[in-house]
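Reading the structure
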Amino acid sequence: MKKRYLVLADGTVFEGQAFGAEGDVIGEVVFTTGVCGYIETLTDPSYYGQIVMQTFPMIGNYGVIEEEFEGDCHVRGYVVREWCDAPSNFRCQYDVDAFLKKKGVPGLCGVDTRAITKVIREHGVMNGIICDELPADLSAVKAYRVEKAVEAVTCPEPVVYPALADEKYRVTLIDYGTKKNIITLLRKAGCTVRRVPAFTPAEEILAGHPDGVMLSNGPGDPADNGFCIEQIRKLMGQVPIFGICLGHQMTALAAGGRTMKLKYGHHGSNQPVCHVSDKRHYITCQNHNYAVVGDSIKNGVVSFVNANDQTCEGVDYPALKAFTVQFHPEARSGPHDTEKLFDRFIAMMEENGYAAE
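The following paragraphs examine the structure supplied in this document. If you're wondering where the values come from, they're calculated on a predicted model, not measured in any experiment. (Residues numbered from 1 in each chain as written. Predicted model: local features only at pLDDT ≥ 70, side-chain atom pairs only at ≥ 80, totals over all residues. Heavy atoms only, no water.)

Turning our eyes to something else, we now look at the pattern of salt bridges. Applying the stated rule across the entire model yields 20 salt bridges. Here E15 makes a salt bridge to K3, at a shortest N to O gap of 3.6 Å. Note that E15 is positioned in strand β2 (residues 13–20) and K3 in strand β1 (residues 3–8), a separation of 12 residues in sequence. D316 is paired through a salt bridge with R344; the nearest N and O atoms lie 3.2 Å apart. Taken together, the positions of D316 in strand β18 (residues 312–317) and R344 in helix α10 (residues 341–352) put the pair 28 residues apart, joining distant regions of the chain. (Salt bridge = Lys/Arg side-chain N within 4 Å of Asp/Glu carboxyl O. Helix = DSSP H or I, 4+ residues; strand = E, 2+ residues; numbered from the N terminus.)

Here it is in structure tokens:
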């Protein structure tokens, strides 16, 4: 295996071995703490523009199973301590190295991922480059920014997914980079889901008379999406709304709140959150670098907070028929503690009084 490097924007160099696709790539370096679920991580559109590093020491032991894909692969690069070249699982179709080659994603293995994690944890998220030769100039690395992320990952045209049982509700899912399991859980609950591009006007959505609107997860800085935020503002109060991750952040901006960039974000399936009203704690799956500023919330109340750093993890907007969460209640793979939030969305549509006929 040939040498390959991860060079951070501050000049720190980590030497390892190449796997995956050929080529150099610049991205925002983040670490994720999931013990399993690397397939879902690699196919989560929320990682658009990022070099993803797994803190778990061995990745790929059960291979790649396409049925587990959550979306298209949008990671820029992939860093692991060790990848398994002999996966053992009866569902395995091929290994992680073959997946990365197929998707054109350069990988780096054989590095001290704990040391890299410590650097990011102490200094905050940094840009980096995966490369075969050490660069003489890091100006391009330092200047890199994740841009036009939602535009890159949204669906190109509307798609309809029929309910898996008798149709009870019609839900419009605004796709900012949605994961497959959001659609699956809605369909299992009796919803026919109409998935629409992120830049669909609110007037067009309301003209379809949905029983509810789902705002999906997605990548990038929420404040970059002015048009999407304006459409959410027009939808609030008109129809029941449930927002996840980026959808949560943009709803807060639409309601007059603010967002901020976290030091190193929340990435992994072991993030504890506290439900403010009853102080009950839940383990959640998360993947984001930005958070809503709790003190900035207008027309709503903070419903969940992160038990580690006290950042806002959810907001209720009772007067506007909306609620949102930062974490992923639909997580695959991950804890199912908060999956009942989909039941709350169903109940909101039922209470609103115009279920699909």
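Right, let's get into the environment of E40. Among the structural elements, E40 can be located in helix α1 (residues 38–42). Among the residues examined, E40 registers a relative accessible area of 9% and is labelled buried. Expressed as a C-alpha distance, the spacing of E40 and E313, which sit 273 residues apart in the sequence, is 22 Å. Those residues in contact with E40 that sit more than four places away from it in its chain are E68, E70, R332 and S333. (Buried < 20%, exposed > 50% of the residue type's maximum accessible area, 1.4 Å probe, protein only. Contact = heavy atoms within 4.5 Å.)

A word on the sheet that holds strand β14 (residues 241–244). Strand order in this open sheet of 10 strands is β10-β12-β11-β13-β14-β19-β18-β17-β15-β16, and the pairing throughout is mixed. Only two strands of the sheet have a single neighbouring strand rather than two, namely β10 (159–161) and β16 (281–292). Neighbour-to-neighbour, the strand axes of this sheet turn through a mean angle of 25 degrees, independent of strand direction. Two elements, β10 and strand β12 (residues 191–197), share 3 bridges in a ladder whose sense is antiparallel. In the sheet register, Y161 faces β12, and the bridge partner there is V193. (Pairing = 2+ DSSP bridges. Axes fitted to C-alpha atoms, helices over the stretch in contact; angles between N-to-C directions.)

Along helix α3 (residues 113–123), the positions that sit buried rather than exposed are T113, I116, T117, V119 and I120. Down the axis of α3, the buried side of the element spans an arc of 160 degrees, and every buried residue falls inside it. Of the residues flanking the end of α3, it is G124, one or two places downstream, whose phi is positive at about 95 degrees. (Arc of directions from axis to C-beta.)

Okay, the layout of surface pockets next. In this model, the largest pocket occupies a volume close to 320 Å³. Forming the walls of the largest pocket are 22 residues, and the residues nearest its centre are E70, G71, D72, K180 and R195. Residue contributions to the lining of the largest pocket peak at 4 residues, all from helix α6 (residues 180–188). Here the residues of the lining of the largest pocket sort into 8 nonpolar, 7 polar and 7 charged. Estimated volume of the second largest pocket: approximately 270 Å³. Lining the second largest pocket we find 23 residues, and of these E28, Q50, G220, N289 and Y290 sit closest to its centre. (1 Å grid on protein atoms, 1.4 Å probe; cavity = no way out; pocket = protein on both sides within 12 Å on 5 of 7 lines; lining within 4 Å. Points joined across faces, edges and corners; volume = space filled by probe spheres on them. Nonpolar A, V, L, I, M, F, W, Y, C, P; charged D, E, K, R; others polar.)

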